[in-house]
Amino acid sequence: MPDTWIARSTWRWLRETSTLGVVITNNDLLVQGWNRWMEERSDLTAAEVQGRSLLDIYPHLASATRTSYEAALRGESRLLAQRFHRNMFPMQAPSLSPQRQMEQKVVIAPLWDGDQILGTITVIDDVTRRVLQEEMLQKQIDELEQVRAELDRSGRDLAVALAYERDLVQVFVRSLLQDCPNDARFDLACRYYPAYTQEHIGGDFYDFVRFGDGAMGVVIGDVCGKGMRAAVYTAMAKYTFRAFALEDAAPAAVMMRLNRCLYQQIVEAGMFMSFTYVFVDIAQGRLRWANAGHPAAVLVDPRGQTEYLTATGPVIGAFEDVSFREGSASFEPGSVLALYTDGVTEADRREEEGERVVEQVVRQNSGLGADGIADLLHEYAEVASRGQLRDDIAIVVVRYPEDRS
Amino acid sequence: MTDSQTTDSAGVGSLDIEERDEMTAIVRLVGEIDLAAVERAGPALKNRPQYRFVVIEVARITFLDSTGVGLLVSMAKAARQRSGGAALVGMQPRVEKLLRIAGLSPLFTTADSIEAALQSLQAHSG
């Protein structure tokens, strides 16, 4: 059919090309040209199809393909994309395992000579590999999407679990702290403030033990570490302490037994707790205490003299067998005892003399009463930490009222 | 062989472990060694063999809380269990005071330099 040299040379090139299928027909859709690509993929040689109707060769051509030929013969070009038209010219995609139908992009266009339509040209592009890649990509995207959704879900679960644990720790910690006992002979105040960040809650506690003969025991402690683990050890320490304290009044002996008992319970290598136990013997006007590695409580007498209840032994849980010394001091009307945890003295991390500040607050305000002193110590910690306590604080103030009439 | 791992070099607290050999580690503590710093160091510490000799440099600590002390104690105890020990280098008043109050000083020896600390640890091991 092509009769100019351009048409001839173009057709020769198209016939040999291996990247696209090219079919030329006349106006009756009888095949005039069938290139090598078509021969290889259709299993039909050019000689076999020469002069045959395209509609005979492919009797099951999709209607969109058929109407495209009608359009071509009217002078319109059509592009049939694989996305919308599947298997336009049924062929196997070569060299793919497993075998699969070829995905095609097809152009059907009129062949003009001046303003006269001589026939049609069909160009077929094998896009199977591209489609496979897209499918694979889509599969990967779907899988990633699934993973993401799962992560989202487990992230939510984790957040819920963490929030639940924090609530649990808070409730648990609060349950370990009780109100001050109602005892008219003492002016008592106790305070507990959790750390600004909830993860850091747990570990500080205080407790009061009352004895039959009117004496009172006060304990304050700090379990290292935070969270549920610390809270569990705090509970263990609190009730173990109670049991030993009620059995024997001597603070050093209580502390030694407490250590021996808790040492066996502690499984973590770095876990320990500091305690100060003060036995307030009001009949004798004396304090007896043992301090297991805890920041020194401050005792201010009515004349403004200060005594520190310094450590009389190491922290609990670090050594298997240790003994504690016992300290004692007079406790008279007007005396104030302030116990606290390191959250107070270390509220300002650059302050190395936190105990001095506590001592000053107590000494200069001993007339304020236990509540006033406790509030001032709390206020100091809040200001020193710029309103963001990074550690829990616990405060217990015991004041011996001057006038008991 | 040296093997160094820095858990956090920016600001706050950081912990750096240098492994001299399978039995010996140099631990450098810098900044605020608190719960947050210890938790950050957790993964680095967990997958470590238990060292027999641990030298801990404390000179650059600016803050140490009970969790940080707990870290020192756990390293010292692990070393002692293997008939070794832990030594502190670059002792400063803040750390010294905390350990003294807590009664934990006996767990550590002190030395002026890392090399002196190693020598003393190895000499006293048994």
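Shown above is the structure to which this text applies.
Since we're looking at a predicted model, the values are computed, not measured.

**A short note on the overall build of chain A**
What chain A contains, in helices and strands, is eleven helices and 15 strands. In chain A, which comprises 405 residues, the share counted as buried stands at 49%. Taking all contacts inside chain A whose residues are at least 6 apart in sequence as the whole, residues at least 24 apart take part in 62%. Of the roughly 19900 Å² of accessible surface on chain A, a fraction of 51% belongs to carbon and sulfur atoms.

**Comments concerning the packing of aromatic side chains**
All names here are of chain A. Taken as a whole, this structure holds six aromatic pairs over all chains when the rule is applied. Judged by centre distance (4.8 Å) and plane angle (80°), the rings of F241 and Y277 are edge-to-face. Separated by 36 residues along the polypeptide, F241 in helix 7 (residues 227–247) and Y277 in strand 9 (residues 273–281) bring together distant segments of the chain. Residue classification places F241 among the buried residues on the basis of a relative accessible area of 0%. Overall, Y277 belongs to the buried group, its relative accessible area being 0%. Judged by centre distance (5.5 Å) and plane angle (45°), the ring pair of F331 and Y400 falls under tilted.

**As for the packing of helix 10 (residues 354–364) of chain A against helix 11 (residues 370–384) of chain A**
Residues and elements named next belong to chain A. Here helix 10 crosses helix 11 at 145°, and the two axes come no closer than 10 Å. As helix 10 packs across helix 11, the resulting crossing turns out to be right-handed. Packed against helix 10, whose contacting residues are V357, V358, V361 and V362, the element helix 11 presents I373, L376, L377 and Y380 at the interface. For the contact of helix 10 with helix 11, the residue count by class is eight nonpolar, no polar and no charged.

**Overview of the interface of chain A and chain B**
Taken together, the contact between chain A and chain B spans 27 residues of the former and 22 residues of the latter. Carbon and sulfur atoms make up 55% of the area that chain A and chain B hide from each other, which totals about 1900 Å². Summed over the shared surface of chain A and chain B, the result is five salt bridges. Across the salt bridge formed by E32 of chain B and R390 of chain A, the nearest N and O atoms sit 3.0 Å from each other. Where chain A packs against chain B, one counts seven residue pairs in polar contact (both at pLDDT 80 or more).

**Re the nonpolar core**
Ranked by internal contacts, the top residues of the largest apolar core, which has 92 residues, are F275 and L337 of chain A together with I56 and L104 of chain B. Contacts of I56 of chain B, omitting those with residues within four sequence positions, involve V27, L29, L72, M75, A86, A87, L88, V89 and F108 of chain B.

**A few points about the environment of V54 of chain B**
Residues and elements named next belong to chain B. Among the secondary structure elements, V54 is positioned in strand 4 (residues 53–64). The spacing of V54 and M23 is 31 residues in sequence and 8.5 Å in space, taken between C-alpha atoms. The contacts of V54, once residues within four sequence positions are left out, are A25, V27, M75, A79, G85, A86, A87 and L121.

**A few points about the pattern of salt bridges**
Tallying each qualifying case throughout the model produces 36 salt bridges over all chains. One salt bridge in this structure joins R257 of chain A and D248 of chain A, with 3.7 Å as the shortest N-O distance. Accessibility expressed as a relative area gives 23% for D248 of chain A, which makes it partly exposed. Here R28 of chain B and E18 of chain B are joined by a salt bridge, their closest N and O atoms 3.0 Å apart.

**Quick word on the sheet that holds strand 8 (residues 216–223) of chain A**
Residues and elements named next belong to chain A. Reading across from one edge, 7-8-9-10-13 is the order of the five strands in this open sheet, with antiparallel pairing throughout. At either margin of the open sheet sits one strand with a lone partner, and together these are strand 7 (204–210) and strand 13 (327–330). Neighbour to neighbour, the strand axes of the sheet diverge by 15° on average, direction disregarded. Of the pairings in the sheet, the one linking strand 9 to strand 10 (residues 286–292) comprises six bridges and is antiparallel in character. Counted as the bridge partner of V280 is L287 from strand 10. Contacts from helix 7 reach strand 7, strand 8 and strand 9, with the element oriented near 20° to strand 7. The strands that helix 8 (residues 251–265) touches are strand 9 and strand 10; relative to strand 9, the one it contacts most, it runs at about 150°.

**Some points on the sheet that holds strand 3 (residues 78–80) of chain A**
Residues and elements named next belong to chain A. An order of 2-1-5-4-3 is seen for the five strands of this open sheet, with the pairing classed as antiparallel. The open sheet has two edge strands, strand 2 (31–34) and strand 3, and neither has a second partner. Strand-to-strand, the axes of this sheet are offset by a mean angle of 20°, without reference to chain direction. When strand 3 meets strand 4 (residues 104–113), the two strands line up antiparallel, connected through three bridges. Opposite L79, over in strand 4, you have V107 as the bridge partner.

**Thoughts on the pairing of strand 14 (residues 336–340) of chain A**
Residues and elements named next belong to chain A. Buried residues dominate strand 14, accounting for five of its five residues. Because side chains alternate across strand 14, one face comprises the buried residues V336, A338 and Y340, and the other comprises L337 and L339, equally buried. Bridge analysis of strand 11 (residues 297–300) against strand 14 gives three bridges, and the strand direction is antiparallel. Counted as the bridge partner of L299 is L337 from strand 14. Looking at chain direction, strand 14 and strand 15 (residues 393–399) are connected through five bridges and run antiparallel. Of the residues in strand 15, the one forming a bridge with Y340 is I395.

**Side note on helix 7 of chain A**
Residues and elements named next belong to chain A. The end-to-end C-alpha distance of helix 7, which contains 21 residues, comes to 31 Å, matching closely the 30 Å that a straight helix rising 1.5 Å per residue would cover. Buried within helix 7 we find G227, A230, A231, Y233, T234, A235, A237, K238, T240, F241, F244 and A245. Contacts from the buried residues of helix 7 go to helix 6 (128–176), strand 7, strand 8, helix 8 and strand 9.

**Some thoughts on the pairing of strand 4 of chain A**
When a strand is regular, its side chains alternate between the sheet's two faces. Residue and element names in this part refer to chain A. Looking at chain direction, strand 4 and strand 5 (residues 116–126) are connected through ten bridges and run antiparallel. The residue of strand 5 that forms the bridge with W112 is I117. Connecting strand 4 to the antiparallel partner strand 5 that follows it, the hairpin turn spans two residues, and G114 within it adopts a positive phi of roughly 65°.

What counts and how
- Residues numbered from 1 in each chain as written.
- Chains lettered and ligands numbered in written order.
- Predicted model: local features only at pLDDT ≥ 70, side-chain atom pairs only at ≥ 80, totals over all residues.
- Heavy atoms only, no water.
- Helix = DSSP H or I, 4+ residues; strand = E, 2+ residues; numbered from the N terminus.
- Buried < 20%, exposed > 50% of the residue type's maximum accessible area, 1.4 Å probe, protein only.
- Contact = heavy atoms within 4.5 Å.
- Areas by Shrake-Rupley, 256 points an atom, 1.4 Å probe, with all protein chains shown as cover.
- Phe/Tyr/Trp six-rings, centres within 6.5 Å; stacked < 30°, edge-to-face > 60°.
- Axes fitted to C-alpha atoms, helices over the stretch in contact; angles between N-to-C directions.
- Left-handed = near helix turned anticlockwise from the far one by under 90°.
- Nonpolar A, V, L, I, M, F, W, Y, C, P; charged D, E, K, R; others polar.
- Buried area = accessible area lost by both parts, 1.4 Å probe.
- Salt bridge = Lys/Arg side-chain N within 4 Å of Asp/Glu carboxyl O.
- Polar contact = N/O pair within 3.5 Å; in protein donor to acceptor, adjacent residues only side chain to side chain.
- Core = buried A, V, L, I, M, F, W, Y, C linked by side-chain atoms within 4.5 Å.
- Pairing = 2+ DSSP bridges.
- Expected span 1.5 Å × (residues − 1).

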